[in-house]
Amino acid sequence: MKNRKAMKNGITTHTFTMTERCTMTSQNTSGDEQMQLIQVDPVRRNISLALTQIFVWPFIYLIFLMLLIFSKKETFRTETRYILFGHSLLVDLIFLCMTDFVVLLSYNFVLIPLHFCIPICMLMEAIAVSAPLTIGAMCMERYVAICMPLRHHAISTSRRALMVILMIWILSSINPFVDMFILVSTASHEYLSQLTHCHYEIMIPEKIHHFARGLLYIAGLVVILIIEVFCYVMIYLAARAASGDNMKSASKGQRTISLHILQLFLCTAEVMCPYIEAVVMQYDIQTYLTVRFINFLAFSITSRAVSPLVYGFRDEKFYTAMAYYIRCKNNTISSDTDKQT
């Protein structure tokens, strides 16, 4: 294995976290070997940990603030697009908090029993899959609002939004549960009782299973991309045929879906990163470590900031509410502010 070759050369690899999608785990990798693999130079480890915290916590603060604002105003809890946006914020917040938790465990060389890691890995995987599904649902909502304005209130209800969120969680949980059942039924007791770092690859030790999972995930992203392109084209046609306020609304919807497509490309890049990293690792382990850490910050962390930018700052109503609460004027939004939004 390349891992053992790296250890023989005195080269250690970077922290193993689920979000970094490392593909180096095998059924016979012990906790002691994994501990050796992450013992990098202390200076480099401290710098990497500091950079991770600098990137993670501002986004956690921003998303938590937006969720507080979402919970305080009834309009945001009853309109479909804001309900989906709130769900997107919640998913991103859980993802960032759990990512930081796993990173801190790894950088402090904390190994935990594999059976305790499995629920964490399953939740992280479900959250990762639910993000693009939520993006697709938000695009469909904008399509209905702009291309079917007369039917929008009948179709996009808060009840249906909650049903869509439930379906998103059901769909995103299927694959983790299937992987868990396969692992429990095929893995040895020794493998299930070992100490490890929490990353999803512990649930798919077979290479063919890992490859099939990647193909399935990419296929799902392609389907969502097709939906988003369809919504974009239909909104573009509606914008050309509209005039006045309708044209302005359609043009804004186009820009919103364009940002959603950017989000989807970031999700796709996150899935493709491990394959690129595997190629780089064959040539130079140090370059591989640098590339993997950059990918981790760019696609696993920074990409989570796109959702707040899409609605948090571009949506006039939500931005007005944010500005109001940041100034700490009152605990509730005044009627004057509601009129302005």
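The structure presented is a predicted model; accordingly, all values stated were derived computationally and were not measured.

Cut-offs and rules
- Each chain has its residues counted from 1, running along the sequence as written.
- Local features in a predicted model are, by the rule used here, given only for residues with pLDDT of at least 70; side-chain atom pairs are given and counted only at 80 or more, and totals for whole chains, interfaces and linings are based on all residues.
- Values shown for side chains rest on all heavy atoms present in the structure; no hydrogens or waters enter the calculation.
- Elements are defined by DSSP. Helices are runs of H or I of four residues or more, strands are runs of E of two residues or more, and each kind is numbered from the N terminus.
- Throughout this description, buried means an accessible area under 20% of the type-specific maximum (1.4 Å probe, protein chains only), exposed means over 50%, and partly exposed covers the range between.
- By the convention used here, residues are in contact when the closest approach between their heavy atoms is within 4.5 Å.
- Each accessible area is a Shrake-Rupley estimate made with a 1.4 Å probe; only the visible protein chains count as cover when residues are assessed.
- Definition of nonpolar core: a set of buried residues of the types Ala, Val, Leu, Ile, Met, Phe, Trp, Tyr and Cys, connected through side-chain atoms within 4.5 Å.
- The distinction between a cavity and a pocket rests on a 1 Å grid over the protein atoms alone: a 1.4 Å probe fits inside a cavity but cannot get out, while a pocket stays open yet meets protein on both sides within 12 Å along at least five of seven lines, and a residue with an atom within 4 Å of a point counts as lining.
- Grid points are joined across faces, edges and corners, and a volume is the space filled by probe spheres set on the points.
- Any residue that is not Ala, Val, Leu, Ile, Met, Phe, Trp, Tyr, Cys, Pro, Asp, Glu, Lys or Arg is counted as polar, Gly included; the first ten are nonpolar and the last four charged.
- Per-residue confidence from the predictor is reported as pLDDT, which spans 0 to 100.
- A residue counts toward a patch only above 30% relative accessible area and without a salt bridge, and it is joined to like-charged neighbours within 9 Å or, for Val, Leu, Ile, Met, Phe, Trp and Tyr, to nonpolar neighbours within 5 Å.
- A carboxyl oxygen of Asp or Glu within 4 Å of a side-chain nitrogen of Lys or Arg is what we treat as a salt bridge.
- A pair of Phe, Tyr and Trp rings is counted when the ring centres sit within 6.5 Å of each other, with Trp represented by its six-membered ring. The angle between the planes then sorts it: under 30 degrees is stacked, over 60 is edge-to-face, the rest tilted.
- All axes are obtained by fitting lines to C-alpha atoms, using only the stretch in contact for helices, and the reported angles, taken between N-to-C directions, cover 0 to 180 degrees.
- Orientation categories follow fixed angle ranges, with anything under 35 degrees roughly parallel, anything over 145 roughly antiparallel, 65 to 115 roughly perpendicular, and all other angles oblique.
- Take the number of residues in a helix, subtract one, and multiply by 1.5 Å to get its expected span.

Asks: Help me understand the overall build of the chain, please; the structure alone is not making it clear to me.
Replies: A tally of helices and strands in the chain yields 15 helices and two strands. Counting the 341 residues in the chain, one finds 50% classified as buried. Contacts in the chain between residues far apart in sequence, at least 24 positions, make up 80% of those at least 6 positions apart. Carbon together with sulfur atoms contributes 66% to the accessible area of the chain, which is approximately 16700 Å² in total.

Asks: When you look at the nonpolar core in this model, what are you seeing that I'm missing?
Replies: Side chains that are nonpolar tend, in soluble globular proteins, to be buried together. Judged by nonpolar contacts, the single largest core of 62 residues is most densely connected at I69, L96, L183, M203 and F318. Only α3 (42-72), α5 (80-107), α6 (114-147), α8 (158-186), α9 (189-192), α12 (285-301), α13 (306-313) and α14 (316-326) provide two or more residues apiece to this core. Counting eight residues, the second-largest nonpolar core is a separate cluster that includes V144, I235, I257 and I261.

Asks: Any chance you could explain empty space enclosed by the protein here in plain terms?
Replies: Sizing a probe to match a water molecule and rolling it over the atoms shows the empty space that remains. Here the structure, examined in full by the defined rule, presents six cavities of 30 Å³ or more. In this model, the second largest cavity occupies a volume close to 140 Å³. Forming the boundary of the second largest cavity are 15 residues, of which D92, A131, I135, Q263 and C267 lie nearest the centre. Sorting the residues of the lining of the second largest cavity by element identifies α5, α6 and α11 (244-281) as the ones contributing at least two each. A per-class count over the lining of the second largest cavity returns six nonpolar, six polar and three charged.

Asks: Help me out: how do you make sense of the confidence of the model for the chain in this one?
Replies: When pLDDT is low, close inspection of the predicted coordinates is not appropriate. Across the chain, the average pLDDT comes to 76, with 81% of residues at 70 or higher. Mean pLDDT across the elements of the chain bottoms out in helix α2 (residues 31-37) (39) and peaks in α8 (91). Per-residue pLDDT stays below 50 along residues 1-39; that stretch engages in 116 contacts with residues further than four places along the chain or on separate chains. When the criterion is pLDDT under 50, residues 330-341 qualifies, and its contacts beyond four places in sequence or with other chains add up to 19 contacts.

Asks: Got a minute to help me understand a nonpolar patch on the surface in this structure?
Replies: Residues L166, M167, I170, L171, I174, V178 and I182 make up a contiguous nonpolar surface patch of roughly 610 Å² in combined accessible area. Looking at the element boundaries, I174 is found in helix α8.

Asks: How do you make sense of the packing of aromatic side chains when you look at a structure like this?
Replies: For any pair of aromatic rings, the description rests on two quantities: the centre-to-centre distance and the angle between the ring planes. Counted by the stated rule, this structure contains five aromatic pairs. Plain terms: the ring middles of F76 and Y82 are 4.8 Å apart, the flat faces sit at 55 degrees to each other, and that makes the pair tilted. The two residues F76 and Y82 agree in class, both being buried. Grouping aromatic residues by their ring pairs yields a cluster made of F76, Y82, F85 and F318.

Asks: Which parts of the structure should I look at to understand the packing of α3 against α14?
Replies: Helices that pack against each other are described as a pair by the angle of their axes relative to one another and the distance between those axes. Direction vectors running N to C along α3 and α14 enclose 105 degrees, while the axes themselves pass 10 Å from each other. With respect to each other, α3 and α14 are oriented roughly perpendicular. Here L62, L65, M66, I69, F70 and K72 of α3 lie close against α14, whose contacting residues are F318, A321, M322, Y325 and I326. The residue inventory of the contact of α3 with α14, partitioned by class, reads 10 nonpolar, no polar and one charged.

Asks: Before we go on, may I ask you to explain α5 in this structure?
Replies: Think of an α-helix as 3.6 residues a turn; residues three or four steps apart then line up on the same face. Given a rise of 1.5 Å per residue, 28 residues ought to cover 40 Å, and the 41 Å separating the end C-alpha atoms of α5 matches this to within 8%. Of all 28 residues making up α5, 22 are buried, and the element is well covered by its neighbours. Once α5 ends, the next one or two residues include F109, with phi positive near 60 degrees.

Asks: Can you walk me through the environment of M281 in this structure?
Replies: For M281, the position within the fold is in helix α11. For M281 and R292, which are 11 residues apart along the polypeptide, the C-alpha to C-alpha distance reads 9.7 Å.

Asks: Whenever I open this one, α12 confuses me. Can you help?
Replies: An ideal rise of 1.5 Å per residue puts 24 Å on 17 residues; α12 measures up with 23 Å between its terminal C-alpha atoms. If you check which residues of α12 are buried, you get I285, Y288, L289, R292, F293, N295, F296, L297, S300 and I301.

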